[in-house]
Amino acid sequence: MDAAQAGLRASDRYLGRGLAQVLLTCALGVTGVVLVASAHAAPQQQSEPAAPATMDEPERQDLSFKLPLGQSIEVDNPYGTVYLRFGGYEHQLDIRATVQQPKGAARFAFAPGPNGQRFVVTPTLPDGASLATGQRIDLILYVPEAHPIKVTTVAGNIESRGIKADVDFKSQSGNIIARGTEGMTLAETDDGRIQVMLRDGPPAGSYQRLATRTGEIIAGVSDALNADVELSTSGVFATEYSLTVEHLDKEEPNKRAFAKVGQPKAGKEGAQIALDSLRGNIKLWRRTVFVDASDETDGD
C-alpha cells in the first residue's frame, strides 16, 4: 500500500467518524425537539382534577299558619339556625325556610303543623340518612303576640327580637341572643354564649334563668327590673351592681353571688333571676335608659 492509499483510508476513517458525530448530533437535536414538544404537550394530556361536590340553588319556602289563641310553638332544628321576629297581633305564624342542598344528598322533610296542644316546627332527614357536607336548613319565624315559644338547636344559633311572649331557648353549642322580649326568658347552652336584655318589671313570683357550662353570659338590665339576681360560676363576675359573694372552695362552680336590682319585692311576691355557669364569665350590665330632652327642666 502506497502513501496515497494509506492517506485516503485514514481520511475515510476520519470522515466516517465525523459523519457519525454529525448524525448523532442531529439525532440528539431531533430527540431534544421531541422531548421539548412532549414537555409542552404533557399538561394537555393530564386528566382534569375532580370537581368538588356541587350544590343546588338555595331553596326558600314561605309558609303561613293560623293559630288558635295562645297556642304554644315548639321548634326543633338540629340542622341550622333559628331567627325569631315579632309577627303581629293576628295569631298568624309566618315561616321562612332556606335550604342549602348538595346534589345527591337526602332531602329534608319539612311539614310544620299542630301536634296536640302545640304547633310543631321540626325539619327531619329520612331514617338512616346523615347530614351531608354543606347541607343545612335555616328558619325565620314571625311569632304573633301571646304565643309562647320553645326553640332547640344543636350547633345553630338562636336569635330573638321583640317577641311578645315567654321564650325557652336551648342549644348544645350555639349562641343565644334575645332582645326586647316581653315575657319570661329561659336560655341554656353548653359552650355557646348567651346575651339577653331582660325586661323591666317581671311578674311577681316569676323565675328566669340563663345557664351555660363554659360559655359567657351577658345580661342587660335596668333599675326597673326590681328583681333578686343570683349568680354562680368558677369564672369571673363583672357587674355595675353591688354583689355579696359566697366562696365555695373545692366545688364547681366555686362561688355564688347575690345582687338586688331596683326594688325587688320580698318573699313569694318577688321576682327571681338566676345566671348560672360552671366556668364561663358572667356580666351583669346596667342598661342606660333614654331620657327625652323635652322631659327635662332647665330651671327657668
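Remember, predicted model here, so these are calculated numbers, not experimental data.

Quick notes on unusual backbone geometry
Consideration 1: Cis geometry marks the peptide bond from Glu252 to Pro253, where omega comes out at 0°.
Consideration 2: Among the structural elements, Pro253 can be located in the loop between strand S18 (244-247) and strand S19 (255-261).
Consideration 3: Of note in this structure, Asn226 is not a glycine but carries a positive phi near 55°.
Consideration 4: Along the chain, the position of Asn226 falls in the loop between strand S15 (217-221) and strand S16 (227-232).
Consideration 5: A positive phi angle is found at Lys250, which is not glycine, with a value near 70°.

Some details on the sheet that holds strand S13 (residues 194-197)
Consideration 1: With mixed pairing, ten strands are arranged side by side in an open sheet as S1-S4-S7-S3-S9-S11-S13-S15-S21-S17. For this open sheet the edge positions go to strand S1 (59-66) and strand S17 (237-239), each flanked by a neighbour on one side alone. Between one strand axis and the next, the sheet turns by 10° as a mean value, whatever way the strands run.
Consideration 2: Where S1 and strand S4 (residues 92-100) come together, eight bridges link them in antiparallel fashion.

Observations concerning the side chain of Gln71
Consideration 1: Tracing the backbone through its elements, the reader meets Gln71 in the loop between S1 and strand S2 (72-77).
Consideration 2: The exposure class assigned to Gln71 is buried, which follows from its relative accessible area of 10%.

What to know about the layout of surface pockets
Consideration 1: One number sums up the size of the largest pocket: a volume of about 160 Å³.
Consideration 2: Lining the largest pocket are Tyr207, Asp228, Val229, Glu230, Ser232, Phe258, Ala259, Lys260, Gln272, Ile273, Ala274 and Asp276.
Consideration 3: Broken down by secondary-structure element, the contributors of at least two residues to the lining of the largest pocket are S16, S19 and strand S20 (272-277).
Consideration 4: Looking at side-chain class alone, the lining of the largest pocket contains six nonpolar, two polar and four charged residues.

Regarding the confidence of the model for the protein chain
Consideration 1: For the protein chain, mean pLDDT is 86; residues scoring 70 or higher make up 78% of the total.
Consideration 2: Predicted confidence is poor over residues 1-20, with pLDDT under 50, and the contacts of this stretch with residues over four places away or in other chains come to two contacts.
Consideration 3: In the predicted structure, residues 22-45 sits below a pLDDT of 50 and forms zero contacts with residues beyond four places in sequence or in another chain.

Section: the pattern of salt bridges
Consideration 1: Summed over all chains, the structure comprises 16 salt bridges.
Consideration 2: Ionic pairing is found between Arg85 and Glu159, a salt bridge with its closest N-O pair at 2.9 Å. Placement of Arg85 in strand S3 (residues 82-86) and of Glu159 in strand S9 (residues 158-161) is noted, with a sequence separation of 74 residues between them.
Consideration 3: A relative accessible area of 17% places Glu159 in the buried class.
Consideration 4: A salt bridge links Asp276 to Arg209, with the shortest nitrogen-to-oxygen separation between them at 3.0 Å.

Some points on the sheet that holds S16
Consideration 1: If you walk across this open sheet you meet the eleven strands as S5-S6-S2-S8-S10-S12-S14-S20-S16-S19-S18, and the pairing is mixed. Since the sheet does not close on itself, it has two edges, and those belong to strand S5 (113-115) and S18, each with one partner. Neighbouring strand axes in the sheet, compared pairwise and without regard to direction, differ in orientation by 15° on average.
Consideration 2: When S5 meets strand S6 (residues 118-121), the two strands line up antiparallel, connected through three bridges. The residue bridging Gly113 from the neighbouring strand is Val120, located in S6.

What counts, and at which threshold
The numbers attached to residues start from 1 for each chain and follow its sequence in the written order. Side-chain atom pairs in this predicted model are given and counted only at pLDDT of 80 or more, local residue features only at pLDDT of at least 70, and totals for whole chains, interfaces and linings cover all residues. For side-chain calculations, the full set of non-hydrogen atoms in the structure is used, while hydrogens and water are omitted. Numbering of helices and strands runs from the N terminus; a helix is a DSSP stretch of H or I covering at least four residues, while a strand is a stretch of E covering at least two. For two strands to pair, DSSP has to find at least two bridges joining them. Fitting a line to C-alpha atoms yields each axis, with helices limited to the stretch in contact; the angle taken between N-to-C directions then spans 0 to 180 degrees. Burial classes: relative accessible area under 20% of the type maximum marks a residue as buried, over 50% as exposed, and values in between as partly exposed (1.4 Å probe, protein chains only). Here a cavity is any set of points on a 1 Å grid over the protein atoms alone where a 1.4 Å probe fits but cannot get out, and a pocket is any open set with protein on both sides within 12 Å along at least 5 of 7 lines; a residue lines the site when it has an atom within 4 Å of a point. Grid points are joined across faces, edges and corners, and a volume is the space filled by probe spheres set on the points. Charged residues are taken to be Asp, Glu, Lys and Arg, nonpolar residues to be Ala, Val, Leu, Ile, Met, Phe, Trp, Tyr, Cys and Pro, and polar residues to be all remaining types, Gly included. The quantity known as pLDDT measures the predictor's confidence residue by residue, on a range of 0 to 100. By definition, residues are in contact when any of their heavy atoms lie within 4.5 Å. The rule for a salt bridge is simple: a side-chain nitrogen of Lys or Arg has to be within 4 Å of a carboxyl oxygen of Asp or Glu.

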